[in-house]
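Structural features, examined
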Amino acid sequence: MSISTLGSPCCAAEPAAAATTGMERELAHELTVLRRRLSVAAVLTGLVVVATLPHMLGVHLKWLPDWFTSPWTQLALSTPVLFWCGREFFSGAWSSLRRHGADMNTLVAAGTGIAWLASLVATAFPGVLTAEGLPADVYYETAAVILTLVLLGRLLEARARGQTSEAIRRLLQLQPPTARVLREGIATEVPVSTVAVGELVQVRPGETLPLDGVVVEGSSWVEESMLTGEPTPVAKGPGDGVIGAAMNRSGSFTFRVTRVGEDTMLARIVELVRQAQSSRTRVQRLADQVVGWFVPVVIAIAIATFVVWFLVSGNVVLSTLFLVSVLVIACPCALGLATPTAIMVASGKGAENGLIFRSAEALETAGGLRTIVLDKTGTLTMGQPEVTDFERLHGGRHPAQSLLALVAAVESRSEHPLAEAIVAYASRRCGDGKLPAVQFFEARTGSGVLASVAGQEVRVGSPRWLQRSGLDTTTLDPVVARLERAARSVAAVAVDGRIEACFGIADPIKPEAHAAVAALRRLGLEVVLLSGDARRTSEVVAADVGIVRVIAEVRPGDKAAVVQQLQEQGQGPVAMVGDGLNDAPALARAAVGIAMGTGTDVAIAASDITVLSGHLGGVPAAIELSRRTMATIRQNLFFAFAYNVAGIPIAAGLLFPLTGWLLNPMLAGAAMAFSSVSVVSNALRLRRFRPRLRPSGAGA
């Protein structure tokens, strides 16, 4: 087979990298345009404000020429601010109007546009106002300052979006542009985009891995912190998987490429984070609905304010002043920033800690969990079982060596982790001798395997399955009880209907399991252990890590039903944490499915949150981040909405008859912009998030 037939080369540019580069170019262009327009607006607005100083201070400033303080000069300076620097607000308002709707642009455009039009009338036709005994005041500086401050808020928002993508940019920058590929026995430096699945790649000390693969020769220590959050280098040898963009610390090795292009772990992480940052939560959708009815109500209040004050005072300028103040101070810009800014920052922060949220809704839902279900094998335990006991039963007809050979021949056909442990044990005991041929093989999901070897029927599986199959397990029961009390999983062997032996298999508990379970309980969650293993074995493991409730002896196909039952019993929202293929239905059924990144691709694809390092501490860390994010969103919504509601009566002049207080539209605009800045700043505080139990294993 030639190298060219081993796989298809990836496209000329990595899809994830290309998409992210395009997103960055778009954001960079947006920032450039905003900076340019804000700079022009700031200069012109500053000149307009200076031109109004004599009027605002009530004194004549000799150093300002009369032509400079003229309303016509202010008109010339403010017009570009509104209709060039702030043209997107007016075009956005027009688009909403054509859709028979209203949004934040509507309030900004209406408030500043009316202030500018009223000033234009006072400038062009001052006699019309003075004839009615009204001052020909102009508010060009109000309109210009409002637009400038809103532009400042937009610029800060865009910068926040850029900062949240910093972790992803660093990941993409780590991927080398070339790879050292063995072709026809010669190491050749080629672009990463031309490497195919199945090709062999060499990596030297200090180099970054270009793609995902499996080590076939050599060994080293690889640092995967940028991808998994695990700061400690991981030992890699033949058979171990490696991830592209990880750093090779010491040693040289060769690995076979297993993923290229958009299938690589790096590309999938980038895409998942991007989806999470662009998706919408229920809270955000609610905020959008609030804005949808809030804007028309505010416009109605502004019109009513103008009508009432004109009827009371007969002063169109004063009435217009109140109308503009209401429109400006009610602008829910901060309301629109409250949720998306926090979601973007939290998604980026999660990626830095090896926590990938598939959607914003997953980030929201995780904070409200009440029950969390933990799978045992591969989640609470290392997922690398080893045979610790091999016990022959009295009456067995086969010598140990020949029995182990039969079992190894059968279990070599199975992909179950326990089968791998049994085959490894048999190989150590029997050497590398030739195994007998298997004529028939059938795997019974959640029970065991049935095979025909050298004319003999061989069953290897759980004692309960053998009992249900009609076999006499009397001599086996006391051995099983003893092994299960020692937290051993038991696999029994029957040949031609007679039970011959059993294996005791132990799967070491993860070192961080005790601390992770304790952290989950401190967060107020009920922790449940769900396992297909025997009840006694599961209870021993649960007691060791501090779990009280155990649901054991559950067949793989029934795990989803158990999760559904827990949710229907009022113990939801329920999260499921697992890593195996048989956990995928339960992960999908749960309110939040959390997959260990060291597990199967199917489990990861079915989950809402992925803990890349496989470290159990990532589970409480994800819930902590979710709760912190939702608290930030609630704070932002309160600040934004409460500010609008409280400011409208003052802007409408409710206190003017009693106190003479008048909220100048320019001050209203400054307060509105400050509200947006405070919301963005509050969201950026999430960048300082540090989980109490780090996903890397170091307690905080």
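Small disclaimer: the values here were computed from a predicted structure and weren't measured. (Residues numbered from 1 in each chain as written. Predicted model: local features only at pLDDT ≥ 70, side-chain atom pairs only at ≥ 80, totals over all residues. Heavy atoms only, no water.)

1. A word on the overall build of the protein
The helix and strand inventory of the protein stands at 28 helices and 22 strands. Counting all 700 residues of the protein, 53% fall into the buried class. Once local pairs closer than 6 in sequence are excluded, the contacts in the protein between residues at least 24 apart make up 70%. Working note: accessible area of the protein is about 29900 Å², and carbon and sulfur atoms make up 59% of it. (Helix = DSSP H or I, 4+ residues; strand = E, 2+ residues; numbered from the N terminus. Buried < 20%, exposed > 50% of the residue type's maximum accessible area, 1.4 Å probe, protein only. Contact = heavy atoms within 4.5 Å. Areas by Shrake-Rupley, 256 points an atom, 1.4 Å probe, with all protein chains shown as cover.)

2. Structural notes on the packing of aromatic side chains
Applying the stated criterion across every chain, the model contains nine aromatic pairs. Seen from their ring centres, Trp67 and Phe68 are 5.8 Å apart, and the 85° between their planes marks the pair as edge-to-face. Classification of Trp67 by relative accessible area gives exposed; the value is 59%. Residues Phe390 and Tyr425 carry aromatic rings whose centres are separated by 6.0 Å and whose planes lie at 55° to one another, so their mutual orientation is tilted. Separated by 35 residues along the polypeptide, Phe390 in strand β12 (residues 386–392) and Tyr425 in helix α18 (residues 417–430) bring together distant segments of the chain. An aromatic cluster is built from Phe83, Phe90 and Trp116, whose rings are joined through pairwise contacts. (Phe/Tyr/Trp six-rings, centres within 6.5 Å; stacked < 30°, edge-to-face > 60°.)

3. Points about the pairing of strand β5 (residues 220–223)
Of the pairings in the sheet, the one linking β5 to strand β6 (residues 234–236) comprises three bridges and is antiparallel in character. In the sheet register, Ser220 faces β6, and the bridge partner there is Lys236. Bridge analysis of β5 against strand β8 (residues 247–250) gives three bridges, and the strand direction is antiparallel. Of the residues in β8, the one forming a bridge with Val222 is Asn248. (Pairing = 2+ DSSP bridges.)

4. Looking at the sheet that holds β8
Taken in spatial order, the three strands line up as β6-β5-β8 in an open sheet, and their pairing is antiparallel. Of all strands in the sheet, those bounded by a partner on one side alone are β6 and β8. The sheet shows a mean angle of 40° between the axes of neighbouring strands, taken without regard to direction. (Axes fitted to C-alpha atoms, helices over the stretch in contact; angles between N-to-C directions.)

5. Some words on the sheet that holds strand β7 (residues 241–242)
On the basis of which strands lie adjacent, the open sheet formed by six strands has the order β2-β1-β3-β9-β4-β7 and antiparallel pairing. The two strands at the open ends of the sheet, each matched to only one other strand, are β2 (186–191) and β7. Pairing geometry for strand β3 (residues 200–203) and strand β9 (residues 253–259), over four bridges, is antiparallel. Within β9, the position partnered with Gln202 by the bridge is Thr254.

6. Section: the nonpolar core
For soluble globular proteins, the rule of thumb is that nonpolar side chains tend to be buried together. In this structure, Ile372, Leu380, Ile547 and Val619 are the most contacted members of the largest nonpolar core, which totals 48 residues. The element that contributes the greatest number of residues to this core is helix α26 (residues 618–651), accounting for eight residues. Discounting residues that sit within four places of it in the chain, Ile372 has contacts with Leu520, Leu525, Glu526, Val527, Val528, Ala575, Val577, Ile594, Val619 and Ile623. Grouped together as the second largest cluster of nonpolar side chains are 39 residues, Ala41, Phe89, Val108 and Leu323 included. (Core = buried A, V, L, I, M, F, W, Y, C linked by side-chain atoms within 4.5 Å.)

7. Quick look at the side chain of Gln74
With respect to the secondary-structure elements, Gln74 resides in helix α4 (residues 71–85). Take Gln74: its relative accessible area is 4%, and that puts it in the buried class. Every residue in contact with Gln74, bar those within four places of it in the chain, is listed here: Val48, Ala51, Thr52, Thr69, Val138, Tyr140 and Glu141.

8. Some details on a nonpolar patch on the surface
Together, Ile303, Val307, Phe310 and Leu311 line one region of the surface with nonpolar side chains, adding up to about 390 Å² of accessible area. Using a relative accessible area of 37% as the deciding quantity, one classes Phe310 as partly exposed. (Patch = residues over 30% accessible without salt bridge, like charges linked within 9 Å, V, L, I, M, F, W, Y side chains within 5 Å. Salt bridge = Lys/Arg side-chain N within 4 Å of Asp/Glu carboxyl O.)

9. A word on unusual backbone geometry
When glycine is set aside, most residues are seen to have a negative phi, and most peptide bonds are trans. In this structure, Ala245 takes a positive phi of about 85° despite not being glycine. In this structure, Ala245 sits in the loop between β7 and β8. Phi at Asp496 takes a positive value of approximately 55°, unusual for a residue other than glycine. Position of Asp496 among the secondary structure elements: in the loop between β16 (489–495) and β17 (498–506).

10. What about the confidence of the model for the protein?
The share of residues in the protein with pLDDT of 70 or more is 79%, and the mean pLDDT across the chain is 78. When the criterion is pLDDT under 50, residues 1–17 qualifies, and its contacts beyond four places in sequence or with other chains add up to 34 contacts. (pLDDT = per-residue confidence, 0-100.)

11. What to know about the environment of Gly185
Structurally, Gly185 can be placed in the loop between β1 (178–183) and β2. Judged by its relative accessible area of 71%, Gly185 is exposed. Taking C-alpha positions, Gly185 is 9.7 Å from Leu200, a pair spaced 15 residues apart along the chain.

12. Examining the packing of helix α20 (residues 477–485) against helix α22 (residues 535–545)
Following both chains from N to C, one finds α20 and α22 inclined at 15°, their axes separated by 8 Å at the closest point. Put simply, α20 runs roughly parallel to α22. For the pair α20 and α22, the crossing hand works out as right-handed. Every residue of α22 that contacts α20 at Ala481, Glu484 and Arg485 is listed here: Arg536, Thr537 and Val540. In terms of residue class, the contact of α20 with α22 is built from two nonpolar, one polar and three charged. (Parallel < 35°, antiparallel > 145°, perpendicular 65-115°, else oblique. Left-handed = near helix turned anticlockwise from the far one by under 90°. Nonpolar A, V, L, I, M, F, W, Y, C, P; charged D, E, K, R; others polar.)

13. Quick word on the pattern of salt bridges
Any two side chains of opposite charge can pair, so long as their charged atoms come close to each other. Considering all chains together, one arrives at 16 salt bridges under this definition. Here Arg180 and Glu189 are joined by a salt bridge, their closest N and O atoms 3.8 Å apart. Accessibility expressed as a relative area gives 48% for Glu189, which makes it partly exposed. When salt bridges with common partners are traced through the structure, they connect Arg180, Glu189, Arg204 and Glu207 into a single cluster.

14. Topic: helix α17 (residues 400–411)
With twelve residues, α17 extends 16 Å between its outermost C-alpha atoms, agreeing within 8% with the 16 Å of an ideal straight helix rising 1.5 Å per residue. Counting buried positions along α17 gives nine out of twelve residues, so the element sits mostly inside the fold. For α17, the full list of buried residues reads Leu403, Leu404, Ala405, Leu406, Val407, Ala408, Ala409, Val410 and Glu411. (Expected span 1.5 Å × (residues − 1).)

15. Comments concerning the side chain of Lys349
With respect to the helices and strands, the residue Lys349 is situated in helix α14 (residues 333–352). Engagement of the side chain of Lys349 in a polar contact is seen with the side chain of Glu352, the distance being 3.2 Å. Residues within four places of Lys349 in sequence aside, it is in contact with Leu686, Arg687, Phe689 and Arg690. (Polar contact = N/O pair within 3.5 Å; in protein donor to acceptor, adjacent residues only side chain to side chain.)

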